[in-house]
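Coordinate analysis (summary)
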Amino acid sequence: MAEYVAKPGKLRLKGEKKKKKKSHKRKHESDGEEAGDDVDGEVLHGQWRRVRDLVDVKGSICVVSCTGAYIAAQDDGFFVEGVPGESEKREPNEAEEFLGYTVGEVKVALKSGYGKYLCTSTSGEVVGRSDAIGSREMWEPIFQDGLTALEGSNRRFMTVSDSGKLMASAEKVADDAKFTVRPFDSSQ
């Protein structure tokens, strides 16, 4: 009788194709970019880069106002602008980080570090008191020249008031309604 030797490994059925192994190239420290290096005309902030498309608004993000200040969540549900120019000096802390979710084809929802979704109140304030995503928690981002404007459910754009509070009250996109949204890039 002929001796048959079975090869150890995965059981393959008839008609199943062999999967090719993907080769992963190691990135050496010399190949990677250092924090503050210029990549495609933009300065990196640690592992935070600018949003260029709706696809980038997923996972951990931070929002920077036109004055260079991080937008921070407060435990009372309101959102305020931090110290101007602070985003150039350091990475965001936990209160300044948000979770971004794409909702449908053109809308996003933002969740604060306190586990509440950003929404517009009836008075036009941006508050974070919702536990689930509804129509008031959806924002439509508009991208232009590396900046982002966020239009709320009240058909007004997100701005920073003179007192530093986040509002959804601008009818048109002005300089104070333009933000830099930076997603965390773990590949860096």
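Structure: see above.
Residues numbered from 1 in each chain as written. Predicted model: local features only at pLDDT ≥ 70, side-chain atom pairs only at ≥ 80, totals over all residues. Heavy atoms only, no water.

**Observations regarding the overall build of the protein chain**
We count it as follows: Strands here are runs of E lasting at least two residues and helices are runs of H or I lasting at least four, both read from the DSSP assignment and numbered beginning at the N terminus. With a 1.4 Å probe rolled over the protein chains alone, any residue whose accessible area is under 20% of its type maximum counts as buried; one over 50% counts as exposed, and the rest are partly exposed. Note on contacts: a residue pair qualifies if any of its non-hydrogen atoms lie within 4.5 Å across the two residues. Here the Shrake-Rupley method, with its probe set to 1.4 Å, supplies the accessible areas, and only the displayed protein chains count as covering residues.
Broken down by element type, the protein chain carries zero helices and 14 strands. Written out in order from the N terminus, the α and β elements of the protein chain read β-β-β-β-β-β-β-β-β-β-β-β-β-β. Residue burial in the protein chain is summarised as follows: out of 188 residues, 35% are buried. Counted over contacts in the protein chain with a minimum sequence separation of 6, partners at least 24 positions apart contribute 48%. For the protein chain, the exposed surface amounts to about 12500 Å²; the carbon and sulfur share of it is 49%.

**Comments concerning the pairing of strand β9 (residues 126–130)**
Cut-off, in case you're wondering: Note on pairing: DSSP must find at least two bridges between two strands before they are called paired.
Across the five residues that make up β9, a large majority, four, are buried. Across four bridges, the pairing between strand β8 (residues 117–120) and β9 is antiparallel. Bridging from a neighbouring strand, T120 pairs with V126 of β9. In this structure, the hairpin formed by β8 and β9 is closed by a connection of five residues, where G124 is found at a positive phi of approximately 95°.

**Structural notes on the nonpolar core**
Soluble globular proteins: nonpolar side chains tend toward being buried together. For the record, the criterion: Among buried residues, the Ala, Val, Leu, Ile, Met, Phe, Trp, Tyr and Cys ones that are joined through side-chain atoms within 4.5 Å form a nonpolar core.
I71, F79, L118, V126, W139, M158 and L166 are the most contacted members of the largest nonpolar core, which has 19 residues in total. Put simply, the parts of the chain that give this core at least two residues each are β3 (59–64), β4 (71–73), β7 (107–111), β12 (157–160) and β13 (166–170). Setting aside residues up to four positions removed in sequence, W139 forms contacts with V106, K107, V108, L118, C119, T120, V126, L150, E151, G152, M158 and A168.

**Focus on a nonpolar patch on the surface**
What counts is decided by this rule: To count toward a patch, a residue needs a relative accessible area over 30% and no salt bridge; like charges are then connected within 9 Å, while nonpolar side chains (Val, Leu, Ile, Met, Phe, Trp, Tyr) are connected within 5 Å. Should a side-chain nitrogen of Lys or Arg be within 4 Å of a carboxyl oxygen of Asp or Glu, the pair is scored as a salt bridge.
The grouping of L99, Y101 and I133 at the surface amounts to a nonpolar patch, some 230 Å² of accessible area in total. Note on placement: Y101 falls in strand β6 (residues 97–103). Residue classification places Y101 among the partly exposed residues on the basis of a relative accessible area of 32%.

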